[in-house]
Amino acid sequence: MKDDQKVLDYLAQLKEQIEKVIINLPKEISAQVYVRKHHIHLDLQGHRLSVFTLVVGGEAPELVYDGRYIGFRTIPEGLDEVMEFVEETIDDVATFVLSTKPLLAHKRSVFRRAFICIPSNHGPEWKLQQFS
């Protein structure tokens, strides 16, 4: 029981810190943060694209676009590291959503699986693969 309470406390603290970050988003981007099972979900949407959902609190954070494309990243453990990752990802998604760059689906040459790319100002671009 103690471990469950630690997890819930961690998720509550993480959610609270994410809420402080999304307050500063431009008004053209809507954001909603919520807890689902043992993860924090953050939905980000602009006027020209569907919803991006960032899922944190598990082993590897996920970025999902439109419920059809998904990408994973591994990050170090710890609240500070997770928040740094969250802030960078919010910045990347917000920058892309506010830009005029088109969202293009590409196909991998080997398995012909579709993917989309989201540029990043903080490391390698996101490559979100289509769910199979």
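Refer to the preceding data block for the structure.
Calculation rules
- Sequence order as written defines residue numbering, which begins from 1 separately in each chain.
- Totals for whole chains, interfaces and linings use all residues, but because this is a predicted model, local features are given only for residues with pLDDT of at least 70 and pairs of side-chain atoms are given and counted only at 80 or more.
- Only hydrogens and water are set aside when side-chain values are computed; all heavy atoms of the structure are taken into account.
- For Phe, Tyr and Trp, where Trp contributes only its six-membered ring, two rings pair if their centres lie within 6.5 Å, and the inter-plane angle classes them as stacked under 30 degrees, edge-to-face over 60, or tilted in between.
- Per the convention used, a helix needs a DSSP run of H or I reaching at least four residues, while a strand needs a run of E reaching at least two, with both numbered from the N terminus.
- Each residue gets one of three labels from its accessible area relative to the maximum for its type: buried under 20%, exposed over 50%, partly exposed in between, using a 1.4 Å probe on protein chains only.
- The rule for a charge over a ring is simple: NZ of Lys or CZ of Arg within 6 Å of the ring centre, and within 35 degrees of the ring normal.
- DSSP bridges decide pairing: two strands pair if at least two such bridges lie between them.
- Interaxial angle, 0 to 180 degrees, is taken between N-to-C directions of lines fitted to C-alpha atoms, where a helix line uses only the stretch in contact.
- Here, residues are in contact when the closest pair of their heavy atoms is within 4.5 Å.
- Any N or O atom pair separated by 3.5 Å or less is treated as a polar contact, with the protein-specific requirement of one donor-capable and one acceptor-capable atom, and with residues adjacent in sequence counted only for side-chain atom pairs.

Novice: Any chance you could break down the packing of aromatic side chains for me, citing the residues and the numbers?
Specialist: Taken as a whole and judged by the stated rule, the model has 2 aromatic pairs. Taking the centre distance of 4.6 Å and the plane angle of 45 degrees together, the rings of Phe52 and Tyr65 count as tilted. Note that Phe52 is positioned in strand S3 (residues 52-56) and Tyr65 in strand S4 (residues 62-65), a separation of 13 residues in sequence. The same class applies to Phe52 as to Tyr65, namely buried. When the ring centre of Phe96 is taken as reference, the NZ or CZ atom of Arg48 above it lies at 5.3 Å. For Arg73, the ring lying beneath its charged end belongs to Trp126, and the centroid distance is 4.0 Å.

Novice: Mind laying out the sheet that holds strand S2 (residues 39-45), listing which residues take part and the relevant values?
Specialist: Taken in spatial order, the 8 strands make up an open sheet running S1-S2-S3-S4-S5-S8-S7-S6, and their pairing is antiparallel. Two strands in the sheet have a free side with no partner beyond their single neighbour: strand S1 (30-36) and strand S6 (105-107). Strand-to-strand twist in this sheet, taken as the mean axis angle between neighbours without regard to direction, amounts to 30 degrees. For S2 and S3, the ladder comprises 5 bridges, and the chain directions are antiparallel. Within S3, the position partnered with Leu42 by the bridge is Leu54. Sitting on the sheet, helix H2 (residues 79-98) is in contact with S2, S3, S4, strand S7 (114-118) and strand S8 (126-130), with an inclination near 175 degrees to S3.

Novice: How would you summarise the side chain of Thr53 if you had to cite specific residues and measurements?
Specialist: Along the chain, Thr53 falls in strand S3. Judged by relative accessible area, Thr53 falls into the buried class, the value being 14%. Engagement of the side chain of Thr53 in a polar contact is seen with the side chain of Asp43, the distance being 2.7 Å. With residues near it in sequence (within four places) discarded, Thr53 still touches His41, Leu42, Asp43, Glu62, Leu63 and Val64.

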